[in-house]
Amino acid sequence: MARISLLKKAAFIGLIGLSPLVWAQDELTLGQAVSLALENDPWLDGSRYRERALTAQSIAAASLPDPIVSIGFENLPADGFNFRQEPMTQFRVGVSQVFPRSETRDLKRRQLSEEGAQQPLMRQDRLAGVRVAVSRLWLEAYRNRWARELIEEDRALFEYLVDVAESSYTSAVGETRRQDLVRAQLELTRLEDRLTELQQQQEVNLAGLHEWLPGTDMNDIELSDSLPMLTLGQSLAVGQNHTERLVQLLLAHPRIRSIDQKIVAEGTGIRLAEQKYKPQWSVNASYGYREDDPMGVYRSDFVSFGVSFDLPMFTTNRQDKEVQAAQATEAAARTEKTLELRSMLAGLEAALARLERLSQRESLYEERLLQEISDQAEASLTAYTNEAGDFAEVVRARIAELNTNIDFLNIQIDRLQTIAELNYYLVSVEEDSTRSVSP
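In this text, all values refer to a predicted model and were calculated from it rather than measured experimentally.

A.B. asks: Which parts of the structure should I look at to understand the packing of aromatic side chains?
C.D. replies: The description of an aromatic ring pair rests on the distance of the ring centres and on the angle between the ring planes. Scanning all chains against the criterion turns up 8 aromatic pairs. Ring geometry for Phe 73 against Phe 91: centres 5.2 Å apart, planes inclined by 55°, an arrangement best described as tilted. With Phe 73 in strand E2 (residues 68–74) and Phe 91 in strand E3 (residues 90–99), this pair connects stretches of sequence that are 18 residues apart. Pairing Tyr 424 with Tyr 425 gives two aromatic rings, centres 5.6 Å apart and planes at 65°, and the pair type is edge-to-face. By relative accessible area, Tyr 424 is classed as buried at 15%. An aromatic cluster is built from Phe 73, Phe 83, Phe 91 and Tyr 289, whose rings are joined through pairwise contacts.

Structure (C-alpha cells):
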C-alpha cells in the first residue's frame, strides 16, 4: 500500500521548481504578503514625515533670530503728560538684532541635518525587519496548515484501523482484539486534539499576519500550496577570518549605519555645546523724536546706537556641565553601537549554525528517513492484515510516520525562517530596499 504524503506533493514542488507569481483572489503567497506589508506600513510614512520635519528645522536653525522692534514714549512729565513740556520727552523707535554665538547657527543646522539623515537608514532597516516578521508569520501559518493536512490524511487511516479492529473484535475471542479497538480509538482522539491545537495556532498566526495586511479578510485567504524559494542574499563561506568578515558585513547594515549617523550628530552636539563659552552679541539702534518747546524753539531729535554681549564667566556649573553632558551622550551612542553590533553578530552566527544543521537534517530526511519510516509502516500494516503482526506495532509505526513527516515539515519551515532571518542581517545600505522574496 504505497503512500505519498501531502508534504512530498507540496513541499518538494516548492523546492524544486516554482511557477511565476500569479495573483489569485483567494490565494496568498509569501511574496504577495511581504509586498502588501511593505506597501501598507504607516511607520515608513511617519519616518518620511520626521525626515521632512528635521530638514525644515535645519533650514530654520541657520537663520538669524528675528529682530526686535521697540516703540514707546520716554520721559513724559507725570504732572500732565504734556509731550512738549520737558526737553527730555521723546517718542522713541528702536530696533535690536541678536547674533548667536560664533558657529552656533551652522552647527545647529548641521546637527539637525545629520539627525534627518538617520531616517532613510532606519527605513531600510524597517523594510528588512518587516520582511522577516511577515515571512515568519506566513511560514508559521503554512506549517500549521500542512501539519493539519498530514494529520487529516492519517486520520482516515486510523478510522480504517478502527473499522478493522471492530471487525476483528466481533469475530474473535479474547481481550487482545478489544485492546486493539481501544488503542485505535484513543489514537484517533489524540489526532482530533492535535488538529484542534493546530487550528488554534493557525488562527493566532493569521491574526498576527493581519496586523501587516490591513483591510484583508484573513478568513477568506488561502495560503499558497507551494513553499517559497528563499535563498541567501550572499554566500557566507566559513574561513579563517570568518568573524571579521561577518563584522564587516554588519558594519554596512542600515541599523548600524543609523547609529553611526547618530554618533556623528552627537559629535556635532559637543561642538555646539562648546560654542557657549563664546559671547553672544547683539546690536541696537533707536531714533528719538522730540517736539519743539512751548515757545516754538526747535529741539533736536536723538539717535542712539549700542552693542551688547554676555560674558561667560561662571562656566563651572553651566558651560562645563553642558559640554560634559554632550560628551556623555556621544559616548552612550558609541556604547549603543557596540552592544547592537555584538547582539547582531551573535544572532548572525547562531542563524548560520542553525541553517547548516537544518540543511543536514533536511538532506537526511529526503535521502533516507522518510522512505525508511514509510517502508516500516507499510510492512507493519501488511503483517497485521495477514495475521502475522501486532496491532500495537501498526499504531506505533503509523504514529512514527506521521511524526516524521511533521518533523520534516518543521525542518523545512525552520530552514526557510532561518534564511529570512539571515537575509535581514545581510542587508546593506547599498542594496535596493524594495527587493522582495521570490514566491
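A.B. asks: Whenever I open this one, a nonpolar patch on the surface confuses me. Can you help?
C.D. replies: A surface patch of nonpolar side chains, amounting to about 940 Å² of accessible area, comprises Leu 64, Phe 99, Trp 281, Val 283, Val 307, Phe 309, Leu 311, Met 313 and Phe 314. Of all the secondary-structure elements, those providing two or more residues to the nonpolar patch are strand E5 (281–289) and strand E6 (302–309). Checked against the element boundaries, Val 307 lands in strand E6. A relative accessible area of 55% means that Val 307 is categorised as exposed.

A.B. asks: What should I look at first to understand the confidence of the model for the chain in this one?
C.D. replies: Detailed reading of the predicted coordinates is not advisable wherever pLDDT is low. With 86% of its residues at a pLDDT of 70 or more, the chain has an overall mean of 84. Here residues 431–439 is modelled with pLDDT under 50, and outside its nearest four sequence neighbours on either side it reaches 21 contacts, counting other chains as well.

A.B. asks: Sorry, what's going on with the packing of helix H3 (residues 42–61) against helix H4 (residues 104–116) here?
C.D. replies: A pair of packed helices is characterised by two quantities: the angle between their axes and the separation of those axes. At a minimum axis distance of 8 Å, the contact between H3 and H4 shows a crossing angle of 170°. What the angle tells us is that H3 and H4 run roughly antiparallel. Between H3, through Glu 51, Leu 54, Gln 57, Ser 58 and Ala 61, and H4, the contact on the second element is made entirely by Arg 105, Lys 108, Arg 109, Leu 112, Ser 113, Glu 115 and Gly 116. Of the residues contributing to the contact of H3 with H4, the split by class is 3 nonpolar, 4 polar and 5 charged.

A.B. asks: Hey, could you run me through the sheet that holds E2 in this one?
C.D. replies: Note on sheets: strands pair through backbone hydrogen bonds, and any given pair is parallel or antiparallel. Pairing within the open sheet is antiparallel, and its 4 strands lie in the order E2-E3-E5-E6. With one partner strand each, in any of the chains shown, E2 and E6 form the two edges of the open sheet. Looking at each pair of strands side by side, their axes are set apart by 20° on average, direction ignored.

A.B. asks: When you look at helix H10 (residues 391–425) in this model, what are you seeing that I'm missing?
C.D. replies: One full turn of an α-helix is made of 3.6 residues, so residues set three or four places apart face in the same direction. The end-to-end C-alpha distance of H10, which contains 35 residues, comes to 51 Å, matching closely the 51 Å that a straight helix rising 1.5 Å per residue would cover. A large share of H10 lies buried, amounting to 27 of its 35 residues.

A.B. asks: I would appreciate a short explanation of unusual backbone geometry in the present structure.
C.D. replies: One can expect most non-glycine residues to show negative phi and most peptide bonds to be in trans. Here the phi dihedral of Asn 75 falls at roughly 60°; this positive angle occurs in a residue that is not glycine. Mapped onto the secondary structure, Asn 75 falls in the loop between E2 and E3. Under the relative-accessibility criterion, Asn 75 is labelled partly exposed at 46%.

A.B. asks: I keep staring at the pairing of E5 and nothing clicks. Help me out?
C.D. replies: As a general feature of sheets, a regular strand has side chains that alternate between the two faces. Sheet topology places E3 next to E5; 9 bridges connect them, and they run antiparallel. Paired with Val 95 across the strands is Ala 285, a residue of E5. Two elements, E5 and E6, share 8 bridges in a ladder whose sense is antiparallel. By the bridge assignment, Val 283 is partnered in E6 with Val 307.

A.B. asks: How should the pattern of salt bridges be read in this particular structure?
C.D. replies: Side chains that differ in charge, positive against negative, can pair when their charged atoms come close. Tallied over the entire structure, the rule returns 24 salt bridges. We note a salt bridge from Arg 48 to Asp 45, for which the minimum N-O separation is 3.1 Å. You can see Arg 48 and its partner Asp 45 sitting in helix H3, 3 residues apart, about one turn around the helix. Residue classification places Arg 48 among the partly exposed positions, given a relative accessible area of 37%. Under the relative-accessibility criterion, Asp 45 is labelled partly exposed at 41%. Residue Arg 396 pairs with Glu 393 through a salt bridge whose shortest N-O separation is 3.0 Å. On the criterion of helical spacing, the pair formed by Arg 396 and Glu 393 is a turn pair, its members being 3 residues apart in helix H10. According to the relative accessible area criterion, Arg 396 is partly exposed, its value standing at 42%. In the salt-bridge network here, residues are joined through shared partners; they are Asp 106, Arg 109 and Arg 110.

Calculation notes
Residues numbered from 1 in each chain as written. Predicted model: local features only at pLDDT ≥ 70, side-chain atom pairs only at ≥ 80, totals over all residues. Heavy atoms only, no water. Phe/Tyr/Trp six-rings, centres within 6.5 Å; stacked < 30°, edge-to-face > 60°. Helix = DSSP H or I, 4+ residues; strand = E, 2+ residues; numbered from the N terminus. Buried < 20%, exposed > 50% of the residue type's maximum accessible area, 1.4 Å probe, protein only. Patch = residues over 30% accessible without salt bridge, like charges linked within 9 Å, V, L, I, M, F, W, Y side chains within 5 Å. Areas by Shrake-Rupley, 256 points an atom, 1.4 Å probe, with all protein chains shown as cover. Salt bridge = Lys/Arg side-chain N within 4 Å of Asp/Glu carboxyl O. pLDDT = per-residue confidence, 0-100. Contact = heavy atoms within 4.5 Å. Axes fitted to C-alpha atoms, helices over the stretch in contact; angles between N-to-C directions. Parallel < 35°, antiparallel > 145°, perpendicular 65-115°, else oblique. Nonpolar A, V, L, I, M, F, W, Y, C, P; charged D, E, K, R; others polar. Pairing = 2+ DSSP bridges. Expected span 1.5 Å × (residues − 1).

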